[in-house]
Amino acid sequence: MSSFYLRQLLVGRDIGQGNIAGTQMRNFVYLIGDRDAGECLVVDPAWDVEGIAARATEDGMKITGALVTHYHPDHVGGSLFGHSIEGLSRLLEVAPCPVHVHKNEAEGVRKVTGLSATDLVSHEGNDRVKVGAVEVELLHTPGHTPGSQCFRVGDALVSGDTLFLQGCGRVDLPGGDPEEMRRTLQQRLARLPDEMVLYPGHAYGGEHAPLSEVRKINPVFR
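Residues numbered from 1 in each chain as written. Predicted model: local features only at pLDDT ≥ 70, side-chain atom pairs only at ≥ 80, totals over all residues. Heavy atoms only, no water.

**Quick word on the overall build of the protein**
Basically, it comes down to this: The secondary structure listing takes helices from DSSP runs of H or I that are at least 4 residues long and strands from runs of E that are at least 2 residues long, numbered from the N terminus. Each radius of gyration reported is based on C-alpha atoms, and the globular scaling rule is 2.2 Å times the count of residues to the power 0.38. Buried residues are those whose accessible area, probed at 1.4 Å on protein chains only, stays under 20% of the maximum for their type, while exposed residues exceed 50% and partly exposed ones sit between those limits. Working rule for contacts: check all heavy atoms of both residues, and any pair within 4.5 Å makes them a contact. All accessible areas in this document rest on Shrake-Rupley with a 1.4 Å probe, and a residue is counted as covered only by the protein chains that are shown. Positive charge is attributed to Lys and Arg, negative charge to Asp and Glu, and no charge count is given to His or to the chain ends. All charge positions are set by atom: Lys at NZ, Arg at CZ, Asp at CG, Glu at CD.
Counting its regular elements, the protein contains seven helices and 14 strands. Scaling as 2.2 N^0.38, a compact globule of 222 residues should have a C-alpha radius of gyration of about 17 Å, and the protein matches this with 16 Å. Its C-alpha atoms put the protein at 45 × 45 × 35 Å along the principal axes. Sorting the 222 residues of the protein into buried and exposed places 53% on the buried side. In the protein, 60% of the contacts between residues at least 6 apart in sequence involve partners at least 24 apart. For the protein, the exposed area adds up to about 9500 Å²; of that, 47% sits on carbon and sulfur atoms. Taken as two groups, the 21 positive and 29 negative side-chain charges of the protein have centres that lie 4 Å from each other.

**Some details on the side chain of T145**
Mapped onto the fold, T145 is located in the loop between strand 10 (134-140) and strand 11 (149-153). Classification of T145 by relative accessible area gives buried; the value is 0%. If we skip the residues at most four places from it in the chain, T145 touches H70, Y71, H72, E105 and G175.

**What about the nonpolar core?**
Formally: Within this scheme, the nonpolar core is defined by two criteria: the residues are buried Ala, Val, Leu, Ile, Met, Phe, Trp, Tyr or Cys, and they are joined through side-chain atoms within 4.5 Å.
Core analysis: the biggest nonpolar cluster contains 34 residues, and L31, V42, I52, I63, L88, L91 and V99 have the highest contact counts within it. Looking at this core, the elements with two or more residues in it are strand 1 (4-10), strand 2 (28-34), strand 3 (39-43), helix 2 (49-58), strand 4 (62-67), helix 4 (88-94), strand 7 (99-102) and helix 5 (106-113). It is helix 2 that contributes the most residues to this core, four residues altogether. If sequence neighbours within four positions are ignored, V99 has contacts with A66, V68, L88, L92, L115, D119, L120 and V121. Counting 18 residues, the second largest nonpolar core, distinct from the first, contains I32, V131, L138 and A203.

**Things to note about the sheet that holds strand 2**
In a beta sheet, neighbouring strands are held together by backbone hydrogen bonds and run either parallel or antiparallel to one another. Inclusion rule: Here the rule is simple: two strands pair whenever DSSP picks up at least two bridges between them. Under this scheme, a helix contributes an axis fitted over its contacting stretch, all axes are lines through C-alpha atoms, and angles between N-to-C directions fall in the 0 to 180 degree range.
One open sheet holds the six strands; their spatial order is 1-2-3-4-7-8, and the pairing between them is mixed. For this open sheet the edge positions go to strand 1 and strand 8 (120-123), each flanked by a neighbour on one side alone. Across the sheet, the mean angle from the axis of one strand to that of its neighbour is 25°, orientation sign disregarded.

**Re the sheet that holds strand 11**
If you walk across this open sheet you meet the six strands as 9-10-11-12-13-14, and the pairing is mixed. The open sheet has two edge strands with one neighbour each: strand 9 (128-131) and strand 14 (209-210). The pairing of strand 12 (residues 156-160) with strand 13 (residues 197-200) spans four bridges and is classified as parallel. Bridge pairing in strand 13 places G160 opposite P200.

**Some words on the environment of G125**
Looking at the element boundaries, G125 is found in the loop between strand 8 and strand 9. As for G125 and Q149, which are separated by 24 residues in sequence, their C-alpha atoms are 7.9 Å apart. When residues no more than four places from it in sequence are discounted, the contact partners of G125 are H102, L138 and H140.

**Thoughts on the UniProt feature "domain: Metallo-beta-lactamase" (unreviewed entry) in the protein**
Note the cut-off: UniProt positions are given in the numbering used here, feature names are shortened, and annotations may be inferred rather than shown by experiment.
The sites that carry the UniProt feature "domain: Metallo-beta-lactamase" (unreviewed entry) are, in the present numbering, residues 26-202. From the first C-alpha to the last, residues 26-202 spans 5 Å; its make-up is 23% helix and 32% strand.

As structure tokens, this is what we get:
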């Protein structure tokens, strides 16, 4: 995949500079696409939509779709701990595009963001979304929320809050399920090869690393 494009953006450093709450949350936003086509998908566009769009433009890329890992406001926009976070609704003003969600997450996304059902494209696990010639596989990985999903593209795994370099997403929030998270970590993600590189939803313990390393250093695998 010589034309494969992946850019990792850290809130507070690459986008959203000066946003105290965003800097503390240490969210990652991702751009995934096809350099030859000049098109990309944005994963979890929140905190600084104009900044995200500007980074894509700098790279000669046009945002043509959004991928949602899960419905929490720090990933899709909405209200969180008294903070108003811009996200999907602002993206559809800046760069109108389809928003791809797992079917079990669609209702949560609508409630949090105010989007309508027609703004969303609901998916099953293992569906695929294409951008240019690059294909992204949507992996249903429940546990943090019922419709949490990771995105597999080439040797990269963009994991949202399902898995970090250190730890995994909380299961004590509404929609969390410890048993489903255990199945996700021990069965669903266990099938993925060691050479895949993990790109998490937050900079908890690092920014990216091969799954072989994560499986050694992350306590959830012990």
